[in-house]
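# A look at the structure
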Amino acid sequence: MKATLLVIGKTDKDFVKKGIDEYQKRLVHYLPFDFKIIPDLKNTKNLSENQQKQKEGELILEKLKPTDTLILLDENGKEFSSVGFSKFMEQKMISGTRNLVFVIGGPYGFSEEVYKKAQGKVSLSKMTFSHQMIRMIFIEQLYRAMTIIKGEPYHHV
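Residues numbered from 1 in each chain as written. Predicted model: local features only at pLDDT ≥ 70, side-chain atom pairs only at ≥ 80, totals over all residues. Heavy atoms only, no water.

This brings us to the packing of helix H3 (residues 82-94) against helix H5 (residues 131-149). The angle between the axes and the distance between the axes are what describe a pair of packed helices. Put simply, H3 and H5 touch, their axes get as near as 8 Å, and they point 75 degrees apart. By the angle class used here, H3 and H5 are roughly perpendicular. Contact residues: Ser82, Val83, Phe85, Ser86, Met89, Glu90 and Met93 in H3; Phe138, Gln141, Leu142, Arg144, Ala145, Met146, Ile148 and Ile149 in H5. When the residues that make up the contact of H3 with H5 are grouped by side-chain class, the tally is ten nonpolar, three polar and two charged. (Axes fitted to C-alpha atoms, helices over the stretch in contact; angles between N-to-C directions. Helix = DSSP H or I, 4+ residues; strand = E, 2+ residues; numbered from the N terminus. Parallel < 35°, antiparallel > 145°, perpendicular 65-115°, else oblique. Contact = heavy atoms within 4.5 Å. Nonpolar A, V, L, I, M, F, W, Y, C, P; charged D, E, K, R; others polar.)

Next up, the structure:
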């Protein structure tokens, strides 16, 4: 199974980029992983929140293949412990999922079309994190899940 993290806008904080790079290097030893960036929309001052969600939604949907399994990182999604998330990932691997695509939306969330296409939603916390930080946090949790599945000592119970 391949995992993909799709995000809106480039990562502009250097310390976040370094964290993402570190966990990406570790993660590829466990499963193919792709980090895809959809460029920020231009001239968003002229768009309503809904119009911005629609345009970002179109760009998200354009990046998906019909066989992709789409999981949204969403504040109203299912919360997992790290062990629980590893079980979720293991179940996706066992069930024959080919490409599991996780998406971090733009500042206003997702369009209705993206919600309709999604096969699930995951929340990393009840707390709110910046769209920059959540990238690194998610990739670290994905790495942690893989080490739990393999029974490696990175995660201490």
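There's plenty left to go through after this.
Glancing now at the sheet that holds strand S3 (residues 69-79). Strand order in this open sheet of five strands is S2-S1-S4-S3-S5, and the pairing throughout is parallel. Looking at which strands have only one partner, the edges of the open sheet turn out to be strand S2 (33-38) and strand S5 (120-123). In this sheet, adjacent strand axes meet at a mean angle of 30 degrees when their direction is disregarded. Bridging between strand S1 (residues 2-8) and S2 involves six bridges; their strand directions are parallel. The residue of S2 that forms the bridge with isoleucine 8 is isoleucine 38. This element, helix H2 (residues 49-62), spans S1, S2 and strand S4 (99-104) of the sheet and lies at about 155 degrees to S1. (Pairing = 2+ DSSP bridges.)

The UniProt entry lists Leu73, Gly105, Leu124, Ser125, Lys126, Met127, Thr128 and Phe129 under the feature "binding site: S-adenosyl-L-methionine" (unreviewed entry), expressed in the numbering used here. Tracing the sequence through the fold places leucine 124 in the loop between S5 and H5. Among residues more than four places away in sequence, those in contact with leucine 124 are Ile134, Ile137 and Phe138. By secondary structure assignment, the location of serine 125 is in the loop between S5 and H5. (UniProt positions renumbered as here; feature names shortened; annotations may be inferred.)

Within the largest apolar cluster, 27 residues are counted, with the highest numbers of intra-cluster contacts made by Leu5, Met89, Phe102 and Ile139. Of all the secondary-structure elements, those providing two or more residues to this core are S1, helix H1 (14-27), S2, S3, H3, S4 and H5. The greatest single-element share of this core, amounting to eight residues, is contributed by H5. If near-sequence neighbours (up to four positions away) are discounted, methionine 89 is found in contact with Met1, Leu100, Phe102, Leu142, Ala145, Met146 and Ile149. Leu6, Ile8, Val103 and Val114 belong to the second largest nonpolar core, which has twelve residues in total. (Core = buried A, V, L, I, M, F, W, Y, C linked by side-chain atoms within 4.5 Å. Buried < 20%, exposed > 50% of the residue type's maximum accessible area, 1.4 Å probe, protein only.)

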